[in-house]
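The lines below spell out each chain.
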Amino acid sequence: MNTRGLRSQLKDSVPVTGMGPQVGAYGVQDTLRSGFSSVKNELLPSHALELSEKNFQLNQDKMNFSTLRNIQGLHAPLKLQMEYRAARQIQRLPFLQSSHLALDTLKGNDESISFEDILNDPAQSEMMGEPHVMVEYKLGMM
Amino acid sequence: MATLSVCQTQLGGFSFENCKRNAVLEAEVTKLGCRMPAARKTGTTIVGVVFKDGIVLGADTRATEGMIVADKNCSKIHYISPNIYCCGAGTAADTEMSTQIISSNLELHSLSTGRLPRVATANRMLKQMLFRYQGHIGAALVLGGMDCNGPHLYSIYPHGSTDKLPYVTMGSGSLAAMAVFEDRYKQDMEEEDAKRLVRDAIAAGIFNDLGSGSNIDLCVITKGRVDYLRPHDMANKKGVRTGNYKYKRGTTGVLTKAETKLVLEVVEETVQTMDTS
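The rules behind these values
- All residue numbers refer to positions counted from 1 along the written sequence of the respective chain.
- Chain A is the first chain written and ligand 1 is the first ligand written, with later ones labelled in order.
- Local features in this predicted model are restricted to residues of pLDDT 70 or higher, and side-chain atom pairs are both shown and tallied only at a pLDDT of 80 or more, whereas totals for entire chains, interfaces and linings draw on every residue.
- Excluding hydrogens and water, the side-chain figures rest on all heavy atoms present in the structure.
- Strands are runs of DSSP state E lasting at least 2 residues, helices are runs of H or I lasting at least 4, and numbering of each runs from the N terminus.
- The reference for a compact globule is 2.2 Å times residues^0.38; the radius of gyration itself is calculated from the C-alpha atoms.
- Note on classification: 1.4 Å probe, protein chains only; a residue is buried when its accessible area is under 20% of the maximum for its type, exposed when over 50%, partly exposed between these limits.
- In what follows, residue pairs with any heavy atoms lying within 4.5 Å of each other are defined as contacts.
- Using a 1.4 Å probe, the Shrake-Rupley method yields the accessible areas, and only the shown protein chains count as cover for residues.
- By definition here, a salt bridge exists when the distance from a side-chain nitrogen of Lys or Arg to a carboxyl oxygen of Asp or Glu is within 4 Å.
- All amino acids are sorted into three groups, where Ala, Val, Leu, Ile, Met, Phe, Trp, Tyr, Cys and Pro are nonpolar, Asp, Glu, Lys and Arg are charged, and the leftover types, Gly among them, are polar.
- UniProt positions are given in the numbering used here, feature names are shortened, and annotations may be inferred rather than shown by experiment.
- When DSSP finds at least two bridges between two strands, those strands are taken to pair.
- Whenever a helix is involved, its axis is fitted only over the stretch in contact; in every case the axis is a line through C-alpha atoms, and angles between N-to-C directions fall within 0 to 180 degrees.

Student: Can you walk me through the overall build of chain B in this structure?
Tutor: If you tally the helices and strands in chain B, you get six helices and twelve strands. Taken against the 2.2 N^0.38 rule, which gives 19 Å for 277 residues, the C-alpha radius of gyration of chain B at 27 Å runs more than 25% over that of a compact globule. On the principal axes, the C-alpha backbone points of chain B span a range of 85 × 65 × 50 Å. Here chain B holds 277 residues, and the buried ones make up 42% of them. Within chain B, counting contacts between residues at least 6 apart in sequence, those at least 24 apart form 60% of the total.

Below you can see the structure in the form of structure tokens.
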């Protein structure tokens, strides 16, 4: 049964994308990767801003690209996205901190400071990923 | 949880991990009859006025934490750029961090353009940031400065709306201060008149609002000159005791005197040099 369809028939609830059950390779909850599931945790976000913040950068990019496409034609967002993709590949191994210098320069993040640079800096995080597992995941072996 | 960090890249910025835990804790605490600690607010009177050659910004200096005065002399007029200053009301940490972030961004922006930053740029940056967080950042600001197009004054609300006006007031004492402005504001005032008007408006907020108090700070921004007058006026000086309640020597008569010598012998003597430079 499609759980998404069930949820949208609940009264007083708005279907919230991005909070659905994390389905793994076989169509069920991937307990190994995303932990135990709980309906209450997944139905509603824990804070009003949680979803909008998670998708903020994506939505900004989509908006900017569509504006660019309307003004300058399809070639402009196409070329930019090609450059972003190339810059995103210049990285260290997944469990190490990479500087994302080229990507930041392209996106203009080198000339602005926001809460992403001050709070919760990933370079200062207390947990390190398990190196073998992370490389296997990145190479698609897992 | 270590496996979770494999699949999702670590992002900076706000983390909402503890929101559900906090909600549960708050429910538990209210069941016991206590209250969660309140954030420190500036419950304030801040004003700004445009006069003939520039801007005068004014603020009181009291920071409250619930019903207690947390800081008797805090500084609410924040630096944004050499020609732009911003007064902040609302949650103290939010105004502090927002103005610092915007100040850094404006500095980078002005280095990139090679020009003095404009007040409209600071206004646009602040309103876009506050709207992004939908009012959860409780910062109500009065932004004023002098740029190539003349003096500008904006008021910015926590949800991201802004107003460009010749005189603005914000904070819990804003109604008292606005009453003074509505009575005595004139266009193209002189600097001394503008300073006196702002001083009176803040004094009205201080004496009629519980959330504002202590001294009056002023900031006068004109072309090429900024006067940061802190404190401009100490409206609430702590009183001096009128009487001296110490007894004079000889008030009590001496009946007898007995002297006992304490015998001490020197066991060890050490010399430690002190760096008095």
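Student: So what exactly am I meant to see when it comes to the overall build of chain A here?
Tutor: In terms of helices and strands, chain A carries nine helices and zero strands. Listed by position from the N terminus, the elements making up chain A come as α-α-α-α-α-α-α-α-α. When each of the 142 residues of chain A is scored for burial, the buried share is 13%. Considering only intrachain contacts with a sequence separation of at least 6, the fraction spanning at least 24 residues in chain A is 35%. Split by element, the accessible area of chain A, about 11,100 Å² in all, is 57% carbon and sulfur.

Student: Please explain the interface of chain B and chain A as it appears in this structure.
Tutor: Often the size quoted for an interface is simply the accessible area lost on bringing the parts together. Listed per partner, the contact involves 26 residues of chain B and 28 residues of chain A. Inspection of the region where chain B meets chain A yields two salt bridges. Residues B:Arg132 and A:Glu116 are paired through a salt bridge, measuring 3.2 Å at the closest nitrogen-oxygen approach. Elements that contribute at least two residues to the side of chain B that touches chain A include exactly helix H1 (4-7), helix H2 (19-32), helix H3 (92-113) and helix H4 (119-132) of chain B. It is H3(B) that contributes the most residues to the side of chain B that touches chain A, six residues altogether. Grouping the constituent residues of the side of chain B that touches chain A by class yields 13 nonpolar, eleven polar and two charged.

Student: So what exactly am I meant to see when it comes to the UniProt feature "active site" (unreviewed entry) in chain B here?
Tutor: All names here are of chain B. According to UniProt, the feature "active site" (unreviewed entry) maps to Thr-44 in the numbering used here. As for its position among the elements, Thr-44 is in the loop between H2 and strand S1 (46-50). In contact with Thr-44, other than residues within four places in its own chain, are Asp-60, Arg-62, Lys-76, Ala-89, Met-170, Gly-171, Ser-172, Gly-173, Asp-209, Gly-211 and Ser-212.

Student: Honestly, the sheet that holds strand S5 (residues 77-81) of chain B in this entry has me stumped. Any pointers?
Tutor: Strand pairs in the sheet, formed through backbone hydrogen bonds, run parallel or antiparallel to each other. All names here are of chain B. One open sheet accounts for five strands, arranged S5-S6-S7-S8-S9; its pairing is antiparallel. In this open sheet, the two strands that pair with only one neighbour each are S5 and strand S9 (162-164). Across this sheet, the average inter-strand angle for adjacent strands is 20°, counted without regard to direction. H3 rests against S5, strand S6 (84-90) and strand S7 (139-147) of the sheet, and its axis sits at about 15° to S5. Docked against the sheet, H4 engages S6, S7, strand S8 (150-156) and S9, running at close to 165° with respect to S7.

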